[in-house]
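# Overview (structure and organization)
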Amino acid sequence: MFTKDTLRFLQDLAANNNREWFTVNKARYVREVQQPAVEFIRVMKPVIGRIAPVLVASDSAVGGSLMRVYRDTRFAKDKTPYKTNVGIHFRHEAGKDVHAPGWYVHLAPDQCFVGAGVWQPDAPALAKIRNAIARDGRAWQKVRDDRKFREHFELGGESLRTAPRDFPRDHPLIEDLKRKDFMGLAALRKPDVIGPGFVRLAQDRLKATRPLMTFLCRALGLPW
């Protein structure tokens, strides 16, 4: 599905991130980026249906699991109009945006990875996750330190500099409670992404995140 041409287009876009260049090369974008991404989603759909049926795998080219190439620059200092990566988000059926629990695939010339969890949740959702960790620390540690998960994944994202409100600084899990993101990230090599076994690899990586996803969804009162 994805090929060297996919990553080469993204590299060229990064060097020519303007509307004039993209307009001339839009057919190339569709052929080398959009169509392979939609096909990947289409093939992953039954896989996700088997191992995480509450996640949505929509192969629609617009408004589906493939995130749009256009950047929202209204409030950004960086006014370049296009994203220079492929972003695919299989989000929870109860969610409406990228902040919902889900699985994520990120492809870029300089970095490829798969992720699982919750990115930048709003204050009520963040409080629910932190309270679930404080309430059952042993269950959280079991998820966080799961052997299959830790074999490929690390928890990433942003954290507070100090203890969040309502939690003591000396709490034994304070470093986890300080997190603002609850995302497991697993790096991918470029040969893996453009090789014939990428779907199987993605499936295996994402299956390893089921304990994390189960904990987070239960903390948020969502089915899994």
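Located above this text is the structure these notes cover.
The numbering scheme is per chain: residues are counted from 1 as the chain's sequence reads. Given that this is a predicted model, residues contribute local features only at a pLDDT of at least 70 and side-chain atom pairs are listed and counted only at 80 or more, while totals for whole chains, interfaces and linings are drawn from all residues. Excluding hydrogens and water, the side-chain values take into account all heavy atoms of the structure.

### Quick word on the side chain of Glu32
Here is the rule: By definition, any uninterrupted DSSP run of H or I lasting at least four residues is a helix, any uninterrupted run of E lasting at least two residues is a strand, and each is numbered from the N terminus. Accessibility here uses a 1.4 Å probe with only protein chains present; expressed as a share of the type maximum, an area under 20% marks a residue as buried, one over 50% as exposed, and anything in between as partly exposed. Residue contacts follow a heavy-atom distance rule, with two residues in contact if any of their heavy atoms lie within 4.5 Å.
Relative to the elements of secondary structure, Glu32 occurs in helix 3 (residues 26–51). Overall, Glu32 belongs to the buried group, its relative accessible area being 13%. The contacts of Glu32, once residues within four sequence positions are left out, are Asp5, Thr6 and Phe9.

### Topic: the sheet that holds strand 1 (residues 86–91)
Operational definition: By this definition, two strands are paired if DSSP reports at least two bridges between them. Note on geometry: axes are C-alpha line fits, over the in-contact stretch for helices, and angles between N-to-C directions span 0 to 180 degrees.
On the basis of which strands lie adjacent, the open sheet formed by five strands has the order 1-2-3-5-4 and antiparallel pairing. Edge positions in the open sheet fall to strand 1 and strand 4 (154–156), since each of these has one partner strand only. Strand-to-strand twist of the sheet, defined as the mean angle between neighbouring strand axes without regard to direction, takes the value 25°. Both strand 1 and strand 2 (residues 102–108) contribute to a ladder of six bridges, which runs antiparallel. From the neighbouring strand, Phe90 faces strand 2, where its bridge partner is Trp103.

### Regarding the packing of aromatic side chains
Heads up, the condition is: Each Phe, Tyr or Trp ring (for Trp, its six-membered ring) is paired with any other whose centre lies within 6.5 Å, and the angle between the two planes then decides the class: stacked below 30 degrees, edge-to-face above 60, tilted in between.
Taken as a whole and assessed by the stated rule, the structure comprises 14 aromatic pairs. Here the aromatic rings of Phe22 and Tyr70 are separated by 6.1 Å at their centres, their planes lie at 70°, and the arrangement is edge-to-face. Within this pair, whereas Phe22 is found in helix 2 (residues 19–24), its partner Tyr70 is found in the loop between helix 3 and strand 1, the two being separated by 48 residues in sequence. Relative to Tyr82, the ring of Phe22 lies with its centre 4.2 Å away and its plane at 20°, an arrangement referred to as stacked.

### What about unusual backbone geometry?
Residue Gln120 is not a glycine yet carries a positive backbone phi of 50°. Residue placement: Gln120 occurs in the loop between strand 3 (111–118) and helix 4 (123–135). Although it is not a glycine, Asp166 sits at a positive phi angle of roughly 80°. With respect to the helices, strands and loops of the structure, Asp166 is situated in the loop between strand 4 and helix 7 (174–177).

### Structural notes on the nonpolar core
Where we set the bar: Each nonpolar core is a collection of buried residues, namely Ala, Val, Leu, Ile, Met, Phe, Trp, Tyr and Cys, held together in the definition by side-chain atoms within 4.5 Å.
Judged by nonpolar contacts, the single largest core of 65 residues is most densely connected at Phe40, Met44, Ile88, Phe90 and Trp103. Top contributing element to this core by residue count: helix 3, with ten residues. Once residues within four sequence positions are removed from consideration, Phe90 is found in contact with Phe40, Ile41, Met44, Ile48, Leu55, Val56, Ala57, Ser65, Pro101, Gly102, Trp103 and Val105.

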